[in-house]
Amino acid sequence: MTMNLSWIDDFMALAATGNFSRAADERHMTQPAFSRRIRALEEWLGADLFDRSSQPARVTEVGEWFRTVAQDLQSRVAGIPGEARAIAEASSTTLRFAATHALSFTFMPRWLHALESQASMGQLQLMSDVQQKCETLLAQNQVHFMLAHGHPGVRGPLDEADFPSIVIGADQLIPVSSPNEGGQPLHALPEGSKGAPLPWLGYSPESGLGRILKELKGPALDRLHVHQALTAHLASVLRTMALDRRGLAWLPKLLVEDDLTSGRLVVAAPDDWRIDLQVRLYRQRGESGKAAESFWKVASAAASVH
């Protein structure tokens, strides 16, 4: 019997719920057909993956082992197109970047301009998205490099997977608010009461800045009378909402420097609520082609100077 890769997706769907009917619906097939595919996978492996005597069906010990194998296989399959492109483009001069929205229009233009004065570059291709999506693009080899905020005390999935990275700049996450008529923050920490909690504007789980803020300041925020009035993927959206007087937001200094200078936004908490950030450049693991390897050397040399 030959292994069918789609059986892996069948297995993961059933392992998530233990319900054959629900998993069959998710896989867009009838339950009898779905059950036959699961049985075929078990016959190919020579072991039962599910204990069908319980409801919902429980994953067996072999099934738990295979779950790890299946996740690894899914990840490898997802990365194959990117690896194929990397091989095909080994001699290409095009450099593909993923960058978070905030950095793509604040830090990145100036940084690239400085590097271009040290080395010639070919065509650049930029994909701007939330950090979680950018991390996926790099992990699947769809881009050569990823630009994002980071913090030495907060490890992300690329750090856990040992993707090479260098620190190429600095930033700071600052709690800000629109001012009142007296120029003081309209929403400030640690103000707020049980009856009138302080509104703050937070990041969604897809945001790297949100990941850092939650890890480093989440417990302290939980002890205060605050209310998350709005959630968004992008720092630029939270900036707009803060300017609209909707609450306090932690925003990158690179994004709000002009707002702070003009007084459109003001610092809304003591200095110990600020978070120092790194600007990091991550790269693909392994060989990336001549153009990408040359760029990495230039970027690394420039980073070591600062």
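Quick caveat: nothing in here was measured; it's all calculated off a predicted structure.

Some details on the pattern of salt bridges
Part 1 of the argument: Evaluation of the coordinates by the stated rule reveals 16 salt bridges.
Part 2 of the argument: Across the salt bridge formed by E64 and R67, the nearest N and O atoms sit 3.3 Å from each other. Taken together, the positions of E64 and R67, both in helix α4 (residues 61-88) and 3 residues apart, correspond to about one turn of that helix.
Part 3 of the argument: Looking at E64, the relative accessible area reads 41%, which means it is partly exposed.
Part 4 of the argument: The class of R67 is partly exposed, set by a relative accessible area of 21%.
Part 5 of the argument: Note that R246 is salt-bridged to D244, the shortest N-O span being 2.9 Å.
Part 6 of the argument: Using a relative accessible area of 47% as the deciding quantity, one classes R246 as partly exposed.
Part 7 of the argument: Here the salt bridges do not stand alone but share partners, grouping R39, E42, D48 and R52 into one network.

Examining empty space enclosed by the protein
Part 1 of the argument: Within the structure shown, the criterion is met by 2 cavities of 30 Å³ or more.
Part 2 of the argument: Size it by volume and the largest cavity reaches roughly 120 Å³.
Part 3 of the argument: Forming the walls of the largest cavity are 14 residues, and the residues nearest its centre are T100, H101, S207, L209 and H233.
Part 4 of the argument: Contributions of two or more residues to the lining of the largest cavity are made by α5 (101-104) and α9 (208-222).
Part 5 of the argument: For the lining of the largest cavity, the residue count by class is 6 nonpolar, 7 polar and 1 charged.
Part 6 of the argument: Its volume calculated, the second largest cavity comes out at about 80 Å³.
Part 7 of the argument: Listed by contribution, the elements that provide at least two residues to the lining of the second largest cavity are α7 (131-139), β5 (145-150), α8 (157-160), α9 and β11 (275-283).
Part 8 of the argument: With 3 residues, α9 is the largest single contributor of residues to the lining of the second largest cavity.
Part 9 of the argument: In terms of residue class, the lining of the second largest cavity is built from 4 nonpolar, 6 polar and 4 charged.

Focus: the packing of aromatic side chains
Part 1 of the argument: Taken as a whole, this structure holds 13 aromatic pairs when the rule is applied.
Part 2 of the argument: Aromatic pair F11 and F50: ring centres 5.4 Å apart, planes at 50°, arrangement tilted. Of this pair, F11 sits in helix α1 (residues 6-17) while F50 sits in strand β1 (residues 50-51); the two residues are 39 residues apart in sequence, bridging distant segments of the chain. Taken as a pair, F11 and F50 share a single burial class, namely buried.
Part 3 of the argument: Where F145 meets W296, the ring centres are 6.2 Å apart and the plane angle is 5°; that geometry is what we call stacked. Of this pair, F145 sits in strand β5 while W296 sits in helix α12 (residues 290-305); the two residues are 151 residues apart in sequence, bridging distant segments of the chain. Each member of the pair, F145 as well as W296, carries the same accessibility label: buried.
Part 4 of the argument: These aromatic residues form a ring-pair network of at least three members: F97, F107, W111, F145, F295 and W296.
Part 5 of the argument: Over the ring of W296 we find R283, and its NZ or CZ is 5.4 Å from the ring centre.
Part 6 of the argument: Above the face of the F163 ring, R285 is positioned so that its terminal group lies 4.3 Å from the ring centre.

Scoring rules and cut-offs
Residues numbered from 1 in each chain as written. Predicted model: local features only at pLDDT ≥ 70, side-chain atom pairs only at ≥ 80, totals over all residues. Heavy atoms only, no water. Salt bridge = Lys/Arg side-chain N within 4 Å of Asp/Glu carboxyl O. Helix = DSSP H or I, 4+ residues; strand = E, 2+ residues; numbered from the N terminus. Buried < 20%, exposed > 50% of the residue type's maximum accessible area, 1.4 Å probe, protein only. 1 Å grid on protein atoms, 1.4 Å probe; cavity = no way out; pocket = protein on both sides within 12 Å on 5 of 7 lines; lining within 4 Å. Points joined across faces, edges and corners; volume = space filled by probe spheres on them. Nonpolar A, V, L, I, M, F, W, Y, C, P; charged D, E, K, R; others polar. Phe/Tyr/Trp six-rings, centres within 6.5 Å; stacked < 30°, edge-to-face > 60°. Lys NZ or Arg CZ within 6 Å of the ring centre and 35° of its normal.

Treat this as a map of the structure, not an account of what it does.
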